[in-house]
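So the chains spell out like this:
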Amino acid sequence: MSKSWEEINAKIASGEAVVMTAEEFGSLAAAEGVSEAARIVDVVTTGTFGPMCSTGAFLNFGHSDPPIKMGTITLNDVPASGGLAAVDTYLGATEPSTTRGIEYGGAHVIEDLLRGRAVRLKASGPGTDCYPRTEIDTWVTLDDLNQAYLFNPRNCYQNYAVAVNTGDRALYTYLGTLLPRLANATYCSAGALSPLLNDPTYRTVGVGTRCFVAGAPGYVAWEGTQHNPNQQRDGHGEPVGPAGTIAVIADLKQASAEYFSAATMAGYGVSAFVGIGIPIPVLDEDLAATLALTDAELTATVFDYGVQRRSRPALRQVTYAELRSGEIEIDGKRVPTGPISSLPVARRIATELRRWITEHRFTLAPPLQPLPQPGSQGFRPLEIRTEEAI
Amino acid sequence: MARKRLDLTFPPRQATKAITYHLVKDFDLVPNILRAQIQPEQEGRMLLELTGSSEQFEAGVAFLRHEGIDVREAASDICLDDDRCVICGLCTAVCRPGALSLAAETGELVFDKDKCVYCEACVIACPRRAVTLRF
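## Things to note about the overall build of chain A
The helix and strand tally for chain A stands at 7 helices and 28 strands. In terms of overall size, chain A behaves like a compact globule, its C-alpha atoms giving a radius of gyration of 22 Å where 390 residues would be expected to give roughly 21 Å. Across its three principal directions, the C-alpha atoms of chain A cover 70 × 60 × 45 Å. A separation threshold of at least 6 residues defines the contact pool for chain A, and within that pool the share at least 24 residues apart is 72%.

If you want it as structure tokens, here you go:
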């Protein structure tokens, strides 16, 4: 059994495509077998909604009269980049406010814009012949901006670590508060719904893939930063730890605060929950076999964040089903688990994407260029060295 | 037996009185101070779990009120803002008494107020600032 992209898109266009979420597909495959499920279903939708720090937006404010070449820029006191053209900026999600610290950051500005709220723009510039103004203090809304688009350099981690802390003091991390002496474990993946776990070797997801980004139709723009296809893999070809990532782009004006939520991680900093959903075409039975995997078959590695080094000790492998049960066992100790990635919202995204395909005839785009494949590139550390040592 | 969590508000002039001593000695009640914020000459607040016979409990509460202390049941003091919550579940990871959990099938957040000890771990951990403790 095999289907082409063209056949599947023709079915979507005519309203005949059979579309299921990854969870529904897993149930169908368990009941009918993978071959039968692959024959019946044309597209499987995925979804994830977790904090994704490498997120931000390009904004263009338009020109004031007289115009200004913005050098230092703040939005609601959150600094944005002045390193682009006169009235262009990039606002990073994790940038903290100069007045409120990590309680309000770039992600909160983006969420406020999405909610239709006016944001205070302050900027200063050198004053030049073509841009004589040196100061500006005004208010802008999302509607006022010429362009506003999310460009997130790293979203949608293919898998992630499970974090525990064997130390004797609480740790405040990007994976939440880790209680001392193995008193909790946190994890951050949509498991069976996770987009890249449904296409572990990036056969269908690549540059140009159309997808759901924060409620807007968007695209995979490039491999994500720290994309690591060479992570250790299990018998299904699934990575057992953080692996592939994608960079995504989408129009902020079409996005929704329902799928973009600013976050403050205690003692750590600002981040943003970003909703990503990717449709996977059921091209053949090999792909169907990974689409059919459930939380009981997908695993993650437990790392001890009590060791504050680049390489943390791996303690064991656990399945997502174990993690979702609320408790895992480590060294004979029962450790309560808590997720950071929202399962209810991930389900809502996969369902919404299914609706886009069935009702709005959202067709699929084959990759213009594949993501780097397993074996193709490494994941380099940063060495600390002097000029003389180069 | 009665066991209740009480939210006590002390007027400034009353804030230094050793009320827990009297609750133990005069009313045979078992006080468990879950949280307290008491400073001389300022209004004070105390979250107090009180256990004892129903009669003594009533008498103890009457004593507190007679002392000018505002006594209210504390159950409404923790608030979950559904509009802000994204049901990530991070609060469940820090909730040692197990008051916050995720429903097995739906993954929705379940809050069992009876188990809450008002430790504020969830208030601090919530990345959406969706949990607030009024104290």
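## Quick look at the packing of helix α1 (residues 19–27) of chain B against helix α2 (residues 54–66) of chain B
Residue and element names in this part refer to chain B. Axis separation between α1 and α2 bottoms out at 10 Å; the angle between their running directions is 145 degrees. As α1 packs across α2, the resulting crossing turns out to be right-handed. Along its contact with α1, which presents I19, H22, L23 and F27, the element α2 presents Q56, A59, G60, F63 and L64. Taken together, the residues that form the contact of α1 with α2 break down as 6 nonpolar, 3 polar and no charged.

## Quick word on the interface of chain B and chain A
With 17 residues of chain B at the interface, the matching set in chain A holds 24 residues. Mapped by element, the contributors of at least two residues to the side of chain B that touches chain A are α3 (90–94) and α4 (121–125) of chain B. Residues that form the side of chain B that touches chain A fall into these classes: 9 nonpolar, 5 polar and 3 charged.

## Structural notes on the sheet that holds strand β11 (residues 135–140) of chain A
Residue and element names in this part refer to chain A. Read from one edge to the other, the open sheet built from 4 strands follows the order β6-β5-β10-β11, with strand pairing classed as antiparallel. Unpaired on one side and paired on the other, β6 (78–80) and β11 mark the two borders of the sheet. Adjacent strand axes in the sheet meet at a mean angle of 25 degrees when their direction is disregarded. Relative to β6, strand β5 (residues 72–75) is paired through 3 bridges, and the arrangement is antiparallel. Looking across to β6, one finds that L75 is bridged to V78. Contacts from helix α4 (residues 106–114) reach β5, β6 and β10 (119–124), with the element oriented near 125 degrees to β10.

## Looking at the nonpolar core
Membership of the largest hydrophobic core comes to 152 residues, with the highest contact counts inside it found for A:F25, A:I110, A:V162, A:V213, A:A255 and A:A272. Considering each element in turn, this core owes the most residues, 7 residues, to helix α7 (residues 343–359) of chain A.

## Considerations on the domain arrangement of chain B
For chain B, the assigned domains are domain 1 (2–73) and domain 2 (79–133). When each unit is reduced to the centre of its C-alpha atoms, the spacing between domain 1 of chain B and domain 2 of chain B is 27 Å.

Parameters and conventions
- Residues numbered from 1 in each chain as written.
- Chains lettered and ligands numbered in written order.
- Predicted model: local features only at pLDDT ≥ 70, side-chain atom pairs only at ≥ 80, totals over all residues.
- Helix = DSSP H or I, 4+ residues; strand = E, 2+ residues; numbered from the N terminus.
- Rg over C-alpha atoms; globule rule 2.2 N^0.38 Å.
- Contact = placed C-beta atoms within 7 Å.
- Axes fitted to C-alpha atoms, helices over the stretch in contact; angles between N-to-C directions.
- Left-handed = near helix turned anticlockwise from the far one by under 90°.
- Nonpolar A, V, L, I, M, F, W, Y, C, P; charged D, E, K, R; others polar.
- Pairing = 2+ DSSP bridges.
- Core = buried A, V, L, I, M, F, W, Y, C linked by C-beta atoms within 7 Å.
- Buried ≥ 20, exposed ≤ 12 C-beta atoms within 10 Å, placed from the backbone.
- Domains from an automatic or database assignment.

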